[in-house]
Amino acid sequence: MPRLRVRAKPRQQEYEIRIGTKLLSKTGEVARISLGQQAQRIVIVSNRKVFSLYGTGVANSLKASGFSVSRFLIGDGERYKSISTVESALQFLHDAQLERGDAVVSLGGGVVGDITGFAAAVYLRGVPFIQIPTTLLAQVDSSVGGKTGVNMSGGKNLVGSFHQPAAVIIDVETLTTLPARERVAGWCECVKQGAVSSRKLFNETANFLRAAGQRELAVSPQLEKIIAAHCAFKASIVAQDEREETGRFDRRSRRILNFGHTIAHALELVTNFKRLRHGEAVGHGILAAGMISKNLGLLDETELELLATTVRLCGPLPSVRDLDERSVIKAVAQDKKRSAGYIQWVLLERIGRPRIVDGREISPTLLRKSLQQVFQGQF
Ligand code: NAD
Ligand code: GLY
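Keep in mind it's a predicted model, so treat the numbers as computed, not measured.

K.L.:
Provide a residue-level description of the environment of Ala288, including the pertinent values.
P.N.:
Looking at the element boundaries, Ala288 is found in helix α10 (residues 278-295). The sequence separation of Ala288 and Ile329 amounts to 41 residues, and the corresponding C-alpha distance is 12 Å. Beyond its immediate stretch of four places on either side in the chain, Ala288 contacts Ile263, Leu371 and Val374.

Structure follows, in structure tokens:
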């Protein structure tokens, strides 16, 4: 079973990521080790769908380790990643009489994880939380690194905090119930991470996708290995730039993990969070960032083709052909990834070599043309 340790500077918080099978039944054991003996109460935050699949197993394991367990279920979907959901969650934690030494467990995808982490970050100025991610996207990305938060009407993740989990439990068996679109979404985040990490991780991801196709995810050592490789990469970035320092523009800055996200967030916003899963929006965003890189003369055509082929291996993306690129560009301006008023784009020099580019270096004409090319599927 792969185990990784994450150490996030500057506060040197350390936690373990466990990846394997039959791990939900070990939740109590892991919680006891990471929380200590003083922890008494645990609130599981989940949604109805995920809790009905996996909640009882997690709750029983926690109870067997001596915790008193209650659950708070939120609505299913991006629209519930809101301040009002956090407010209800906080009220629940209060009613459950959770104390500083107690904890919250997040059981679900990235939406549940971001909400739970944020509630845990602000309740009593911070209580521990454990991540049990159940989507591929959450297992390779959102559960690791401590970014938590909610959306506002003006854009994605505009309110949040950095709050590292006490432990991350990745049971790959939960992926066997994942719907097809969620698999596509998760693979797109993997392609993103591969593209900014190294040719090795990119190729491993592409090879896995070629072999597995778009079939349902079956539990295998290869699946565990690829998830572990992505977690290890993410942990290595977080370890030396936990807070995504605003003054950093180098290739190891946490900013590079936002590759594809400037356009992804804008696409989610202009489609009212209804048409695209977050990871699907990232798929389009990767293509857009690749096209901008090529049109700026940074990235070779062959590299762009390889990027596009690999995104296609993830599965079908909902069309964005009808979208007006001007409205998407307007939404880009609302993204929080700005410095001195300008968007900082994560682009590519080649696969595995990101470059952060100030928005002033990208002319409006080039941006518009690049988006037109991507939205019209011109590759
Ligand atoms: P999600 O949380 O909405 O989950 C997708 C769907 O899958 C939901 O309907 C959920 O109920 C269902 N589901 C979850 N696990 C399941 C399972 N095992 N079997 C069957 N159905 C299951 O979406 P997501 O893609 O996991 O997460 C997207 C969110 O994550 C976005 O809000 C995004 O902004 C955020 N995110 C955060 C970070 C971070 O660093 N914090 C990184 C990337 C993405
Ligand atoms: N998903 C981007 C980050 O964690 O920084």
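That covers the picture; the talk isn't over yet.
K.L.:
Run through the pairing of strand β11 (residues 342-350), naming residues and quoting values.
P.N.:
Among the nine residues that make up β11, seven are buried, leaving the element largely enclosed by the rest of the structure. Pairing of β11 with strand β12 (residues 353-358), which is carried by six bridges, proceeds in the antiparallel orientation. Across the sheet, Val346 pairs through a bridge with Ile356, a residue of β12. From the end of β11 to the start of β12, which pair antiparallel, there are two residues, and Gly352 there has a positive phi angle of about 95 degrees.

K.L.:
So, the site of ligand 2: which residues are in play, and what are the values?
P.N.:
Around ligand 2, the neighbouring residues are Asp141, Lys147, Lys234, Arg254, Leu257 and Asn258. Between Arg254 and ligand 2, the recorded distance is 2.7 Å, taken from a side-chain N or O atom to an oxygen atom. Here ligand 2 loses 89% of its free accessible area of 200 Å² to cover by the protein chains. When the residues that make up the shell around ligand 2 are grouped by side-chain class, the tally is one nonpolar, one polar and four charged.

K.L.:
Which residues make up the site of ligand 1, and what values go with them?
P.N.:
Near ligand 1 there are 29 residues, and of these Gly110, Thr134, Thr135, Lys156 and Thr177 occur at the shortest range. Contact distances for ligand 1 include 3.4 Å between an oxygen atom and a side-chain N or O atom of Lys49. Between an oxygen atom of ligand 1 and a side-chain N or O atom of Lys81, the distance comes to 2.9 Å. If ligand 1 stood free it would expose 870 Å²; the protein chains cover 94% of that surface. If one sorts the elements of the shell around ligand 1 by residue count, helix α2 (residues 48-64) sits on top with four residues.

K.L.:
Give me the nonpolar core: which residues, what numbers.
P.N.:
Ile17, Ile19, Trp187, Leu223, Ile227, Phe259 and Trp345 are the most contacted members of the largest nonpolar core, which totals 77 residues. Setting aside residues no more than four positions away along its own chain, Phe259 makes contact with Lys192, Ala195, Val196, Ile286, Ala289, Leu307, Val346, Leu347 and Leu348. Of all hydrophobic cores here, the second largest spans 22 residues; its members include Leu23, Val30, Ala31 and Ile132.

Calculation rules
Residues numbered from 1 in each chain as written. Chains lettered and ligands numbered in written order. Predicted model: local features only at pLDDT ≥ 70, side-chain atom pairs only at ≥ 80, totals over all residues. Heavy atoms only, no water. Helix = DSSP H or I, 4+ residues; strand = E, 2+ residues; numbered from the N terminus. Contact = heavy atoms within 4.5 Å. Buried < 20%, exposed > 50% of the residue type's maximum accessible area, 1.4 Å probe, protein only. Pairing = 2+ DSSP bridges. Near = heavy atom within 4 Å. Polar contact = N/O pair within 3.5 Å; in protein donor to acceptor, adjacent residues only side chain to side chain. Areas by Shrake-Rupley, 256 points an atom, 1.4 Å probe, with all protein chains shown as cover. Nonpolar A, V, L, I, M, F, W, Y, C, P; charged D, E, K, R; others polar. Core = buried A, V, L, I, M, F, W, Y, C linked by side-chain atoms within 4.5 Å.

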